[in-house]
Amino acid sequence: MLYFSRFKMILIWLAVAATVILAAPNLFSASTLAQLPDWVPKRQMTLGLDLQGGSHILLRMDPNDLIKDRLETTRDEIRTRLRDAKIGYTGLAGSGRAVQVRITDPGQVEAAKTALKTLTDPVAAGLFSGGSVQEMSLDDSEPGLLKFAFTDAGIKYRTSTALAQSLEVVERRVNELGTTEPIVQRQGDDRILVQVPGLQDPQRLKDILGQTAKLTFQMVDQSMPVQDALNGRPPAGSSVLYSQDDPPVPYLIENRVIVSGENLVDAQATYNSQTNEPVVSFTFDSKGAARFGQATSQNVGKLFAIILDNQVISAPQIREPILGGSGQISGNFTAESANDLAVLLRAGALPATLTVIEERTVGPGLGEDSIHAGKVAGVIGSILVVVFMFVAYGFLGFIANIALAVHVAMIIALLSLLGATLTLPGIAGIVLTIGMAVDSNVLIYERIREERRNGRSVIQAIDTGFSKALATIVDSNVTSLIATVVLFWLGTGPVKGFAVTFAIGILTTVFTAFTFTRLLVSIWLRRARPKELPRAPVTFVPPGTRIPFMGIRRWTFALSSVLSILAVVLFMTVDINYGIDFKGGSLIKVQAKDGTADIADIRGRLSELNIGEVQVQQFGDPNDVLIRVGTQEGGENAEQTVIDKVRGELQDHYDFRRVEVVGPTVSGELAKQGTIAMLIALLGILVYVWFRFEWQFAVGAIIATVHDVVMTIGFFVITGLEFNQSSLAAILTIIGYSLNDTIVVYDRVREDLRKYKRMPLPQLLNNAINETLSRTTLTSVTTMLALLALVLFGGEVIRSFTLAMLFGVVFGTYSSIFIAAPLLILFKLRPETATADVAKPVSGGKAMAT
């Protein structure tokens, strides 16, 4: 194990050198890197929106809008085709998913079917596995009545096509804003995710994305006063629409569209040369110009309306034919609103309305604070772990610290190379892996010490220590990796960022601890030729410790049972403090522009807005305030209205540093995904442990892990900490950590079962736990030191996550010793000795083996 060929040593050092080179750009600013030669690696980690600021917006397309529009189009098409074919009809109407028409002359039914045959022809050939899709079906079972209904495949085709079109339109709109490196991507069957880093005005982005931007030019119906139409009934073929003015002005508009926005080739914000007011100039394509010219020539002296999303922008009089194919749209525009309208018109209309169902916006100031807090916590946590390792292992601890530095550099290098996004929980993941990376070194070093105490030479002890620790390291890290993969699969946003960094940390741990540390130790052995292992300044667990853990197993079972029942009862009777991720609503963090925030004043002002339940509390510094608003009954659009109202009320005196809005659709999905994630993680771990050990080990490990999860949930109930996506990430990480601890104990139990064939099981379990007690203690302390740094210096945003992790580490260590191991007795792992009393140790502290 300690021999390295020259080729292997070169490969390892090349890997370390590549790590340093790839990680180094993150130490320099972008301007400094730009001055370096092109061949120098310059790729840095991508910061998440929670670190650099920006907006995350999830949009959902409503298929009902598509069906409604398609029904209207189909109805118009039927009318046109039947008129062209001179076929009499009546009762043309659409409802639900169907359009029906009755042919007045039974002899013309077949001619009508022929005229309307194209409605049922297959479409979208080649896009689906069947090669084509029949969008509409014809039902002519009733004599004289033709009923055209949308098929499920047709709706799916229209939805998919519309979403693809919407994706292109949204991307054009976002790019027109001039933002840097926006992300626009499809999510599922009916959603579009938009992430815009560094955005200063998220409200403007939402306004631009939320508008369908269907522009039409239609004639104003002047056959009757609009007031008569409001009091009575509008003429056939006309509707009453309102302007964008305040108060809105009604217009009687002909339904017939002269020209639509599809015929535009350009739109620009400019100024009227006579009034100097902002206007939008537009240019039609040849087809649109011809239609517009013909309509204006035939209607000189009449009014025509420019309509955007069923609202009248303006209704000027046609003074003369407009034949040039261009014109101006005037209204009550500001320079910004004129530019936004031009952006919308250039990007094109959306085929259906997009609704904001989730919004997470972080101001750049809060992002900078989070980066600073993460750096401070990382530095302090690293220092604590480094000092502790040196105190616990002396020179071997110094070697472990070098490997730890390479471990951190390797995480940063891989994040940079893969282009993965670093989030605030991701920083927490790096700090946590610093504590857990030490675990592999501790496993190896404790094995080495044990082998040396058993009489092996220094070289033999080190070689055997590395060999025997490998299987334990792999098993313990695989269980953590299973939980992390599940978290990545079902998590979103920052939580997924945590999963990425934590998974990379687990993989690099195995390399740095087992390969790189082994190389450094072999170099030290070859040069120093030591006669004894380096002494540690402090011994935390004395050799030969024999604590009778199994003697108190009935008491610990009773204690854990009582605490678990209490946690479940509290969870069922006391409302846990669910965050908006799981119950929906709005979360807003504001900072007073001058002086201390007045919480009572904020609470009073918001209570007058009629927005339901509002919670206002101090968050961190005296000038920071956290506002929570409950779920609105009006759905996703009502959630967005809340933000507009709060912003309008407070923006003069407060900076909006963070805004999160989760609608009822997303909150329900997140809650479901969280439950599925825990069940899948537990099932995956059960299968793996069952495969690697016996069934008693697998069931024992799962029961101990469920115990830790229940305890952690009880911790959230008692403390009132907010339970959100990050909390779910904490629980899944605790599952991995708890299993890590349990696997180490179980691995030693399995080894001792082979070694001591007739030793009573309680005594064997005591031996296994005492033999791994030093490792358990040292690993728990290093992990808790890293977590303590995060709790104290990592900032308020991730405090609930780190506190839950700290609690979980304590109970994970407890359950590995007092729950997981004693359960093997209960499950009769060794039936003939399952009820045997613990054998007394012989003199010298060593167990008797026969």
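Predicted model, so just to flag it, every value in this text is computed and none were measured. Each chain has its residues counted from 1, following the order in which its sequence is written. Since the coordinates come from a predicted model, pLDDT governs what is reported: local features require at least 70, and pairs of side-chain atoms require 80 or more to be given and counted, while whole-chain, interface and lining totals use all residues. As a rule here, side-chain values come from all non-hydrogen atoms in the structure, and water together with hydrogens is ignored.

Student: Explain the overall build of the protein chain to me, please; I cannot follow it from the model alone.
Tutor: A count of helices and strands for the protein chain gives 25 helices and 24 strands. When the 850 residues of the protein chain are sorted by exposure, 51% land in the buried category. When the accessible surface of the protein chain is totalled, it reaches about 38,500 Å², and 57% of it is carbon and sulfur. Counted as positive: Lys and Arg. Counted as negative: Asp and Glu. His and the chain ends are not counted at all. Lys charges are placed at NZ, Arg charges at CZ, Asp charges at CG and Glu charges at CD. Seen as two clouds, the 75 positive and the 78 negative side-chain charges of the protein chain have centres 13 Å apart. Each helix is a run of H or I in the DSSP string that is no shorter than four residues. Each strand is a run of E no shorter than two, and both are numbered from the N terminus. Three labels apply to residues, based on accessible area from a 1.4 Å probe with only protein chains included: buried if under 20% of the type maximum, exposed if over 50%, partly exposed otherwise in between. Per-residue accessibility takes into account occlusion by the displayed protein chains alone, with areas from the Shrake-Rupley method and a 1.4 Å probe.

Student: I'm lost on the side chain of Thr779 in this one. Help?
Tutor: As for its placement among the helices and strands, Thr779 is situated in helix α24 (residues 773-793). Thr779 gets classed as buried once you look at its relative accessible area, which sits at 1%. Here, residues are in contact when the closest pair of their heavy atoms is within 4.5 Å. Not counting the four nearest positions on each side in its chain, Thr779 is found in contact with Asp439, Val442 and Tyr737.

Student: Which parts of the structure should I look at to understand the sheet that holds strand β23 (residues 621-629)?
Tutor: Across a sheet, strands are paired by hydrogen bonds formed along the backbone, either parallel or antiparallel in direction. Only when DSSP finds a minimum of two bridges between them are two strands counted as paired. The strand order across the open sheet formed by 8 strands is β9-β10-β2-β19-β24-β21-β23-β22, and the pairing between neighbours is antiparallel. Edge strands, defined here as strands with exactly one partner in the open sheet, are β9 (183-187) and β22 (614-619). Strand-to-strand twist across the sheet, computed as the mean angle between neighbouring axes with direction ignored, equals 20°. In this sheet, strand β24 (residues 654-662) lies alongside strand β19 (residues 354-362) in antiparallel orientation, the contact comprising 5 bridges. Structural elements are reduced to axes, namely lines fitted to C-alpha atoms, with helices fitted over the stretch in contact, and the angle between N-to-C directions of any two is expressed from 0 to 180 degrees.

Student: I tried to follow the sheet that holds strand β17 (residues 311-314) on my own but got confused; where do I start?
Tutor: The strand order β11-β13-β12-β17-β16 describes a closed barrel built from 5 strands, whose pairing is mixed. On average, each strand axis in the sheet is tilted by 55° relative to the strand beside it, whichever way the strands run. Relative to β17, strand β16 (residues 304-308) is paired through 3 bridges, and the arrangement is antiparallel. When the bridges of β17 are listed, Ile306 appears paired with Ser314. Packing of helix α9 (residues 286-298) onto the sheet brings it into contact with β11 (215-220), β13 (250-260) and β16, and relative to β13 it is tilted by some 135°.

Student: Teacher, can you tell me more about the pattern of salt bridges here?
Tutor: Two side chains with opposite charge may pair up if their charged atoms get near one another. Between Lys or Arg on one side and Asp or Glu on the other, a salt bridge is scored when a side-chain nitrogen of the former is within 4 Å of a carboxyl oxygen of the latter. Tallied over the full model, the rule gives 27 salt bridges. Of the charged contacts in the structure, one is a salt bridge between Glu358 and Arg360, with a shortest N-O distance of 2.7 Å. As far as the burial class goes, Glu358 and Arg360 line up, both buried. In this structure, Glu649 engages Arg605 in a salt bridge whose closest nitrogen and oxygen atoms are separated by 3.1 Å. Remark: Arg605 occurs in helix α18 (residues 599-607) and Glu649 occurs in helix α19 (residues 636-650); sequence separation between them is 44 residues. A residue is classified by how much of its surface remains accessible, and Arg605, at 18% relative accessible area, is buried. Salt bridges sharing common partners tie together Arg447, Glu451, Arg456, Lys468 and Glu751.

Student: How should I be thinking about the nonpolar core in this particular structure?
Tutor: What tends to happen in soluble globular proteins is that the nonpolar side chains get buried as a cluster. Counting residues in hydrophobic clusters, the biggest one holds 136 residues, and the most contacted among them are Ile462, Phe697, Ile735 and Val749. Put simply, buried Ala, Val, Leu, Ile, Met, Phe, Trp, Tyr and Cys residues joined by side-chain atoms within 4.5 Å make one nonpolar core. Judged by nonpolar contacts, the second largest core, of 27 residues, contains Ala267, Phe282, Ile318 and Leu341.

Student: Before we go on, may I ask you to explain empty space enclosed by the protein in this structure?
Tutor: Unfilled space is identified by rolling a water-sized probe across the atoms. Method remark: on a 1 Å grid restricted to protein atoms, a set of points is classed as a cavity if a 1.4 Å probe fits but cannot get out and as a pocket if it is open with protein on both sides within 12 Å along at least five of seven lines; lining residues have an atom within 4 Å of a point. Grid points are joined across faces, edges and corners, and a volume is the space filled by probe spheres set on the points. This structure, assessed with the given rule, holds 5 cavities of 30 Å³ or more. Considering only enclosed or pocket space, the largest cavity measures out at about 120 Å³ in volume. Surrounding the largest cavity, 13 residues form its lining, Leu443, Arg447, Val744, Arg748 and Thr772 being those nearest its centre. When contributions to the lining of the largest cavity are tallied by element, the ones reaching two or more residues are α13 (424-453), α14 (458-490) and α22 (725-755). At 4 residues, the largest contribution of residues to the lining of the largest cavity is made by α13. Amino acids are sorted into nonpolar (Ala, Val, Leu, Ile, Met, Phe, Trp, Tyr, Cys and Pro), charged (Asp, Glu, Lys and Arg) and polar (every other residue, Gly among them). Residues of the lining of the largest cavity, tallied by class, amount to 3 nonpolar, 2 polar and 8 charged.

Student: What am I meant to see in helix α12 (residues 395-418) here?
Tutor: Each α-helix turn comprises 3.6 residues. Residues three or four places apart therefore point the same way. Expected span of a helix: the number of residues minus one, times 1.5 Å. Here α12 spans 35 Å end to end across 24 residues, near enough to the 34 Å set by a 1.5 Å rise per residue. Positive backbone phi, at 70°, marks Gly419, one or two positions downstream of α12.

Student: Is there a simple way to think about the pairing of β11 in this case?
Tutor: Two faces make up the sheet, and in a regular strand the side chains alternate between them. Within β11, 6 of the 6 residues are buried, leaving the element largely enclosed by the surrounding structure. Bridge count between β11 and β16: 5 bridges; the pairing is antiparallel. Bridge pairing in β16 places Gln218 opposite Ala305. Sheet topology places β11 next to β13; 4 bridges connect them, and they run antiparallel. Bridging from a neighbouring strand, Val220 pairs with Ile253 of β13.

Student: Explain the packing of aromatic side chains here, please?
Tutor: The geometry of an aromatic ring pair is captured by the separation of the ring centres together with the interplanar angle, meaning the angle of the planes. Only Phe, Tyr and Trp rings take part, Trp by its six-membered ring, and two of them pair if their centres are within 6.5 Å. Stacked means planes under 30 degrees apart, edge-to-face means over 60, and tilted covers everything else. On inspection of all chains with the given rule, the structure shows 23 aromatic pairs. Ring centres 5.9 Å apart and planes at 65° place the aromatic pair Phe811 and Tyr814 in the edge-to-face group. Here the residue Phe811 and the residue Tyr814 both occupy positions in helix α25 (residues 799-826), the gap between them amounting to 3 residues, near one helical turn. Per residue, the accessibility class of Phe811 equals that of Tyr814, and both read buried. Grouping aromatic residues by their ring pairs yields a cluster made of Phe549, Tyr578, Phe715, Phe716, Phe723, Phe807, Phe811, Tyr814 and Phe818.

Student: I keep staring at the pairing of β17 and nothing clicks. Help me out?
Tutor: Relative to β17, strand β12 (residues 238-243) is paired through 2 bridges, and the arrangement is parallel. When the bridges of β17 are listed, Tyr242 appears paired with Gln311. The antiparallel hairpin formed by β16 and β17 contains 2 residues in its connecting segment, where Asp309 sits at a positive phi of about 50°.

Student: When you look at a negative patch on the surface in this model, what are you seeing that I'm missing?
Tutor: Taken together, the side chains of Asp201, Asp207, Glu336 and Asp644 present a region of like negative charge at the surface. Mapped onto the elements of the fold, Asp644 is located in helix α19. On the accessibility criterion, Asp644 (37% relative accessible area) is partly exposed. A patch consists of residues exposed above 30% relative accessible area that lack any salt bridge, with like charges linked at up to 9 Å and nonpolar side chains (Val, Leu, Ile, Met, Phe, Trp, Tyr) linked at up to 5 Å.

Student: Can you walk me through the environment of Thr479 in this structure?
Tutor: Relative to the helices and strands, Thr479 resides in helix α14. Expressed as a C-alpha distance, the spacing of Thr479 and Leu686, which sit 207 residues apart in the sequence, is 9.3 Å. Not counting the four nearest positions on each side in its chain, Thr479 is found in contact with Ile685, Tyr688, Val689, Gly736, Leu739, Asn740 and Ile743.

Student: Please clarify how the packing of helix α16 (residues 553-573) against α25 should be interpreted in this entry.
Tutor: For any two helices packed against each other, the geometry comes down to the angle between their axes and how far apart the axes lie. Remark: α16 packs on α25, axes separated minimally by 10 Å, with the N-to-C direction vectors making an angle of 120°. Here α16 is positioned oblique relative to α25, judged by the angle of their axes. You can see that α16 and α25 cross each other, and the crossing is left-handed. Here Arg553, Thr556, Phe557, Leu559, Ser560 and Leu563 of α16 come into contact with α25, specifically with Phe811, Tyr814, Phe818, Ile819, Pro822, Leu823 and Ile825. For the contact of α16 with α25, a count of residues per class yields 10 nonpolar, 2 polar and 1 charged. Roughly parallel here means an angle under 35 degrees, roughly antiparallel means over 145, roughly perpendicular means 65 to 115, and every remaining angle is called oblique. A crossing counts as left-handed when the near helix is turned anticlockwise from the far one by less than a right angle, and as right-handed when that turn is clockwise.

Student: How should I be thinking about the packing of helix α6 (residues 152-176) against helix α7 (residues 202-210) in this particular structure?
Tutor: Where α6 contacts α7, the two axes come as close as 10 Å, and the packing angle between them is 145°. Every pair of crossing elements has a handedness; the one defined by α6 and α7 is right-handed. The segment α6 lies against α7, with Val170, Arg173 and Val174 engaging Leu205, Ile208 and Leu209. Considering only residue class, the contact of α6 with α7 consists of 5 nonpolar, no polar and 1 charged.

Student: Where do I start with a nonpolar patch on the surface in this structure?
Tutor: A surface patch of nonpolar side chains, amounting to about 420 Å² of accessible area, comprises Phe7, Ile10, Leu11 and Leu14. The residue Leu14 is located in helix α1 (residues 6-23) in this model.

Student: What should I look at first to understand the confidence of the model for the protein chain in this one?
Tutor: Low pLDDT means the predicted coordinates in that region are not meant to be read closely. Confidence along the protein chain averages 82 in pLDDT terms, with 94% of residues attaining 70 or more. pLDDT measures the predictor's confidence residue by residue and takes values from 0 up to 100. Taken as a whole, residues 125-130 scores under 50 in pLDDT and shows 8 contacts with residues more than four places along the chain or in a different chain.

Student: Help me understand α18 in this model?
Tutor: By the burial criterion, the buried members of α18 are Ile602, Arg605 and Leu606. The buried residues of α18 all sit within an arc of 95° when viewed along its axis, so they share a single face. Facing away from the buried side of α18 by over 90 degrees, the exposed positions are Ala600 and Ser607. This arc corresponds to the set of directions leading from the helix axis out to the C-beta atoms.

Student: Explain unusual backbone geometry to me, please; I cannot follow it from the model alone.
Tutor: Glycine aside, a negative phi is what most residues show, and trans is what most peptide bonds show. Even without being a glycine, Asp309 presents a positive backbone phi close to 50°. Within the secondary structure layout, Asp309 lies in the loop between β16 and β17. Although it is not a glycine, Asn610 sits at a positive phi angle of roughly 60°. Within the fold, Asn610 resides in the loop between α18 and β22.

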